[in-house]
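Observations on the model geometry
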Amino acid sequence: MTTIIDGKALGQKIRSNIAGEVTLLKEKLGRKPGLSVVLVGDDAASQVYVNMKEKACIEAGFNSSIYRLGSNTTTDELLNLIDDLNKNDNIDGILVQLPLPEQIDEKKVLYKIDPSKDVDGFHPVNVGLLNIGEDTLFPCTPYGVMKIFEEYNIELSGKNAVVIGRSNIVGKPMAALLLKANATVTICHSRTKDIPALCRNADIIVAAVGIPKFVTADFVKDGAVVIDVGINRLEGKLVGDVDYDGIFDKCSYITPVPGGVGPMTIAMLMYNTLKSFKVRNNLL
Ligand code: GUN
């Protein structure tokens with residue numbers, strides 16, 4: 001029997017719990033959590049994501065400020081904005097939507113964000129804390145995958161987990177979170193020899209490679225848990241990094257695309273913003 005993981009329902013549950021908590025905290029502290037989102041340029045997908053983030057903030061009862069900057073914005077202009085947001089006590093979270101236009105020094109920008117407000121978990125201080133096993137602000141997508149494991153009581157300790165993809169946004173932090181949860185972790189990437197053989201040894205496969213239907217039935221051992229982080233357009237349809245229909249019967253658990261990991265990312269952004277708000281008010 002294969003269980004289809006309902007990320008939409010879990011994301012919604014997390015978001016409504018957050019909204020409830022925000023109502024109580026607002027009474028107690030006299031202010032709401034504040035999230036600033038910075039979008040530079042006119043990338044179509046980024047505009048959709050930022051609009052979804054704004055809607056989620058309103059629903060959660062947060063103060064949100066969205067900065068939509070022109071595609072000619074300079075690194076210095078962006079650094080000055082981040083400096084202002086770092087100093088603003090009403091702002092608990094700062095997110096700079098990626099990708100940035102190429103004239104902007106992405107590293108300089110991400111490294112400028114106050115680590116205590118870094119709700120994406122991309123600042124090297126937070127990356128370092130995660131990698132030495134500390135609690136901190138974790139990147140939203142892999143953290144959302146960890147919440148799926150928790151919700152569905154999927155055991156990680158001592159399990160073989162294979163992560164396909166080594167991006168700073170998903171693959172690497174995913175591997176670090178799985179390791180922190182005592183899984184034995186293998187990271188596969190474009191230079192890896194025989195990815196299917198490594199995957200066949202996995203109790204858990206997380207695909208974050210950005211290639212439509214990359215993971216096929218010959219990758220999957222019977223009873224494996226398969227998590228699909230991919231969102232690709234193929235012949236006008238949204239498809240993930242796994243061949244869902246082809247592997248379905250072999251899996252014990254599988255995430256659909258859409259409706260699996262995707263909705264968890266925004267839920268965890270709200271979660272991280274609330275966490276930052278609580279830490280900054282000495283409640284955690
Ligand atoms: N672009 C694609 N995914 C992300 C993300 O998780 N955070 C930010 N800031 N930009 C992204």
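That block above? That's the structure.
Here we summarise the structure given alongside this text. Only a predicted model underlies this, so the values are computations on that prediction, with no experimental measurement involved. Per-chain numbering applies: the sequence of each chain, read as written, is numbered from 1 onward. Local features are withheld for residues below a pLDDT of 70 in this predicted model, meaning they are given only at 70 or higher, and side-chain atom pairs are given and counted only at 80 or more; totals for whole chains, interfaces and linings count all residues. Side-chain numbers here rest on the full set of heavy atoms in the structure, without hydrogens or water.

A look at the overall build of the chain
Put simply, the rule reads: Secondary structure counts use DSSP, requiring at least four H or I residues in a row for a helix and at least two E residues in a row for a strand, with both numbered from the N terminus. As defined in this context, the radius of gyration uses C-alpha atoms, and a globule is described by 2.2 Å times the residue total to the power 0.38. Type-normalised accessible area, obtained with a 1.4 Å probe on protein chains alone, sets the label of each residue: buried when under 20%, exposed when over 50%, and partly exposed for intermediate values.
Scanning the chain from N- to C-terminus turns up 10 helices and 11 strands. For the chain, the C-alpha radius of gyration of 19 Å lies close to 19 Å, the compact-globule estimate for 284 residues. Counting only C-alpha atoms, the chain reaches 50 × 45 × 40 Å along its principal axes. Counting the 284 residues in the chain, one finds 48% classified as buried.

Notes on helix H2 (residues 44-60)
For an α-helix, 3.6 residues make a turn, and residues three or four places apart therefore share a direction. For the record, the criterion: Multiply 1.5 Å by the residue count of a helix minus one, and that product is the helix's expected span. An arc is given here, and it is the one of the directions from the helix axis to the C-beta atoms. Every residue pair with non-hydrogen atoms within 4.5 Å of one another is taken to be in contact.
Between its first and last C-alpha atoms H2 spans 25 Å; for 17 residues at 1.5 Å apiece the expected length is 24 Å, and the two agree. Listing the buried residues of H2 in full gives Ser-46, Val-50, Lys-53, Ala-56, Cys-57 and Ala-60. Projected down its long axis, H2 carries its buried residues within an arc of 120 degrees, all on one side. Every exposed residue of H2 that faces more than 90 degrees away from the buried side is listed here: Ala-44, Lys-55 and Ile-58. Turning to H2, the residues buried within the fold contact helix H1 (7-29), strand S2 (34-40), strand S3 (63-69), strand S4 (93-96) and helix H10 (262-280). Positive phi shows up at Gly-61, right after H2, with a value of about 80 degrees.

Let's talk about the site of the ligand
Note the cut-off: When at least one non-hydrogen atom of a residue lies within 4 Å of a molecule or strand, that residue is treated as near it. In protein, a polar contact requires one atom able to donate a hydrogen and another able to accept it; more generally it is a pair of N or O atoms within 3.5 Å, and residues adjacent in sequence count only if both atoms are side-chain atoms.
Leu-95, Val-96, Gln-97, Leu-98, Asp-120 and Phe-122 make up every residue found near the ligand. The contact in question runs from a nitrogen atom of the ligand to an N or O atom on the side chain of Asp-120, over 2.5 Å.

Re the packing of aromatic side chains
We apply this condition: Stacked, tilted and edge-to-face are the three classes assigned to paired rings of Phe, Tyr and Trp, where Trp is represented by its six-membered ring and a pair needs centres within 6.5 Å; plane angles under 30 degrees give stacked, over 60 edge-to-face, the rest tilted. Throughout this description, the term charge over a ring refers to an Arg CZ or Lys NZ atom that lies within 6 Å of the ring centre and within 35 degrees of the ring normal.
If you walk through the whole model with that rule in mind, you get five aromatic pairs. When the ring of Phe-138 is compared with that of Tyr-143, the centres are 5.1 Å apart and the planes differ by 90 degrees; the resulting orientation is edge-to-face. Note on Phe-214 and Phe-219: the rings are 5.6 Å apart at their centroids and 70 degrees apart in plane angle, and the pair reads as edge-to-face. Judged by relative accessible area, which is 23%, Phe-214 ranks as partly exposed. In this structure an aromatic cluster arises from ring pairing among Phe-138, Tyr-143 and Tyr-271. Across from the ring centre of Phe-138, 5.6 Å away, lies the NZ or CZ of Lys-275, which sits over that ring.

Quick look at the sheet that holds S2
Short version of the rule: Pairing between strands is defined by DSSP: at least two bridges between them are needed. The angle between two axes is taken between their N-to-C directions and runs from 0 to 180 degrees, where each axis is a line fitted to C-alpha atoms and a helix contributes only its stretch in contact.
Here we have three strands laid out as an open sheet, ordered S3-S2-S4, and parallel in their pairing. The sheet is open, and its two borders are formed by S3 and S4, each paired with just one other strand. Pairwise comparison of adjacent strand axes, ignoring direction, gives a mean angle of 15 degrees for this sheet. Seen against the sheet, helix H3 (residues 75-87) touches S2, S3 and S4 and runs at an angle of roughly 175 degrees to S2.

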